[in-house]
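Residues per chain are reported as follows:
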Amino acid sequence: MDKNVITLPDESLAILRSLVGSTWQAFGGRNMPPRLSQPFAVFITTDEGDITIHSEAGWYREENEDVTYAELTVAHGASDVARSKANGGWYPLSRGEKIVDVTIIRDTITYDVDDTRLWSTTIDIGIIFILNHSAIAIMGDGYSDEMLIVRHAKSIENLTLPSFSDRYHDRLGEKTVISRTFVPVPPK
Amino acid sequence: MGLTKDGSLKIPPNDPTFLIANTKALSTEGYPLDAEGRFGTRTSKAASELIVDDPIKVAEAFYRKLGQRGVSEEIETKYGTIEMAVFSDDSRVVLRRNTKSSAQRGTDNPAVELQVRLAGTEFPRNYKLHFRKEGE
């Protein structure tokens, strides 16, 4: 059985952890349209610095095939800010709110054929920033490519996060199951 | 999609129906779709393959034809340049000129990935099409 675990690296978790307590300013992408999707990178700006969430596909094995999963990483800095302001990709939603907590969206996909497990993959698919009056999720739009989407709501309970189960079509004997957990960024 | 002043339908220049039309057009050019609506031969749940003489050339042609009218972006990654054509509902076509196995084997095995968001179509939502030479 192929088992893949694709979670945020420690350096990324440390950057996310350091944002707790800072003041949110905006998010965006260099050409981010109003439907709030952007391939490869989305930045956020705070009063204590900017970060960029990157999505880059890595290759893994499933059923003796190369498959891609989009791996999330977080880095200091945001090189696309000026361009996004010029191109309309700058979204100062929730500006002035404090970042109260950060939570990881972690999905596990299992694939069985005739009750035999052929592969399972656990992947950190997104990051939720919990602010004092709202919540903002930045997550992959699927597992395999680098498209990122942003969802905004008044609370984490009100966030509408896509499930990707409709992207798998099981044939007779196949069973694909996706389960989702929300994992707080662990303390140091 | 919306209505114009004269009441006609206004379609975004990168409307996802173009991706469906591009797929149908390509399927009549010597690359038929299988029973699941995929190009090539199914090799796994999320992958199919096409055996061709010139994998890079054919993969690039697939990307250009399927991604026609999508908004194209490209980025350098550790696995080479990725090109992505995005339609207005985030349906997309992704060209990966290099894959992990091609890097390991030193062969050209590019891939084109399709993510179709449009509901109600007969095409699979998500699969990757690998291009390779016979025996590679």
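Residues numbered from 1 in each chain as written. Chains lettered and ligands numbered in written order. Predicted model: local features only at pLDDT ≥ 70, side-chain atom pairs only at ≥ 80, totals over all residues. Heavy atoms only, no water.

### A word on the overall build of chain B
Put simply, the test is: Segments assigned H or I by DSSP are reported as helices when at least four residues long, segments assigned E as strands when at least two residues long, and all are numbered from the N terminus. Buried residues are those whose accessible area, probed at 1.4 Å on protein chains only, stays under 20% of the maximum for their type, while exposed residues exceed 50% and partly exposed ones sit between those limits. Working definition of accessibility: Shrake-Rupley area with a 1.4 Å probe, residue cover restricted to the visible protein chains.
What chain B contains, in helices and strands, is three helices and nine strands. Written out in order from the N terminus, the α and β elements of chain B read β-β-α-β-β-α-β-β-β-α-β-β. Scored against the burial criterion, the 136 residues of chain B give a buried share of 48%. Looking at chain B as shown, the accessible area adds up to about 6,500 Å², and 51% of this sits on carbon and sulfur atoms.

### Thoughts on the pairing of strand 9 (residues 126-132) of chain B
All names here are of chain B. The following threshold applies: Between any two strands, at least two bridges found by DSSP are needed for them to pair.
Across the seven residues that make up strand 9, a large majority, six, are buried. Where strand 4 (residues 47-51) meets strand 9, five bridges bridge the pair, whose relative direction is parallel. Bridge pairing links A47 to K128 in strand 9.

### Thoughts on the side chain of A:T122
Residue and element names in this part refer to chain A. Note the following rule: Throughout, a contact is declared for two residues whenever any of their heavy atoms are within 4.5 Å.
Here T122 is to be found in strand 9 (residues 116-131). Relative accessible area serves as the criterion here: at 17%, T122 is assigned to the buried category. Those residues in contact with T122 that lie beyond four places of it in its chain are N4, V5, I6, R106, D107 and T108.

### Focus: the interface of chain B and chain A
Cut-off, in case you're wondering: By definition, the buried area sums, over both parts, the 1.4 Å-probe accessible area that each loses when the two are put together. Should a side-chain nitrogen of Lys or Arg be within 4 Å of a carboxyl oxygen of Asp or Glu, the pair is scored as a salt bridge. Side-chain atoms alone can form a polar contact between residues adjacent in sequence; in general such a contact is a pair of N or O atoms within 3.5 Å, and within protein one must be able to donate a hydrogen while the other accepts it. Throughout, the ten residues Ala, Val, Leu, Ile, Met, Phe, Trp, Tyr, Cys and Pro are labelled nonpolar, Asp, Glu, Lys and Arg are labelled charged, and all others, Gly among them, are labelled polar.
Contacts between chain B and chain A engage 32 residues on the former and 33 residues on the latter. When chain B packs against chain A, the two sides together hide about 2,900 Å² of surface, and 47% of this comes from carbon and sulfur. On the surface where chain B and chain A come into contact, there are ten salt bridges. For A:E174, the salt bridge identified is with B:K45, shortest N-O distance 3.5 Å. Where chain B meets chain A, there are 18 residue pairs in polar contact (both at pLDDT 80 or more). Of all the elements in the fold, those that place two or more residues in the side of chain B that touches chain A are strand 3 (41-44), strand 5 (71-77), strand 6 (80-86), strand 7 (92-96), helix 3 (100-105), strand 8 (111-115) and strand 9 of chain B. It is strand 5 of chain B that provides the largest number of residues to the side of chain B that touches chain A, a total of four residues. In the side of chain B that touches chain A, the residues fall into eight nonpolar, ten polar and 14 charged.

### A short note on unusual backbone geometry
All names here are of chain A. Phi at S94 takes a positive value of approximately 65 degrees, unusual for a residue other than glycine. Relative to the helices and strands, S94 is located in the loop between strand 7 (90-91) and strand 8 (99-113). The backbone of D114 shows a phi angle near 50 degrees, a positive value even though the residue is not glycine. Its location among the elements puts D114 in the loop between strand 8 and strand 9.

### Considering the confidence of the model for chain B
Residues and elements named next belong to chain B. Under the convention used in this document: Per residue, pLDDT captures the predictor's confidence, and it can take any value from 0 to 100.
Counting all residues, the mean pLDDT for chain B is 85, and 85% of those residues have values of 70 or more. The spread of mean pLDDT over the elements of chain B runs between strand 1 (residues 2-3), the lowest at 60, and helix 2 (residues 55-66), the highest at 96. Overall fold confidence for the complex sits at a pTM of 0.88, while the interface term, ipTM, reaches 0.80.

### Examining the sheet that holds strand 3 of chain B
All names here are of chain B. Counted only if it meets this: A fitted line through C-alpha atoms serves as each axis, taken over the contacting stretch for helices, and the angle formed by two N-to-C directions is quoted from 0 to 180°.
If you trace the seven strands from one edge of the open sheet to the other, you get 3-4-9-8-7-6-5, paired in mixed fashion. On the outer flanks of this sheet lie strand 3 and strand 5, each paired with one strand and no other. Taking each pair of neighbouring strands and ignoring which way they run, the sheet shows an average axis angle of 25 degrees. Examined bridge by bridge, strand 8 and strand 9 share five bridges and lie antiparallel to one another. Of the residues in strand 9, the one forming a bridge with V112 is L129.

### Details of the pattern of salt bridges
Tallying each qualifying case throughout the model produces 22 salt bridges over all chains. A salt bridge links B:E36 to A:R171; the shortest N-O distance between them is 2.7 Å. Remark: A:R171 occurs in the loop between strand 11 (147-153) and strand 12 (174-184) and B:E36 occurs in the loop between helix 1 (17-27) and strand 3; the pair is interchain, linking two chains. On the basis of relative accessible area, B:E36 is assigned to the partly exposed category, the value being 25%. Notably, a salt bridge pairs B:R38 with B:E36, separated by 3.9 Å at the nearest N-O pair. Classification of B:R38 as buried rests on a relative accessible area of 2%.

### Focus on the nonpolar core
The cut-off we apply is this: Take the buried Ala, Val, Leu, Ile, Met, Phe, Trp, Tyr and Cys residues and link them wherever side-chain atoms come within 4.5 Å; each set so joined is a nonpolar core.
Core analysis: the biggest nonpolar cluster contains 27 residues, and A:L16, A:F27, A:I127 and A:F129 have the highest contact counts within it. Tallying contributions element by element places helix 1 (residues 10-19) of chain A first for this core, with four residues. With residues up to four places along the chain from it excluded, the contact list for A:F27 reads A:M32, A:L36, A:F43, A:I44, A:G89, A:W90, A:Y91, A:L93, A:I136 and A:V150. Counting residues in each nonpolar core, the second largest holds 23 residues, with B:F62, B:L66, B:V93 and B:L129 among its members.

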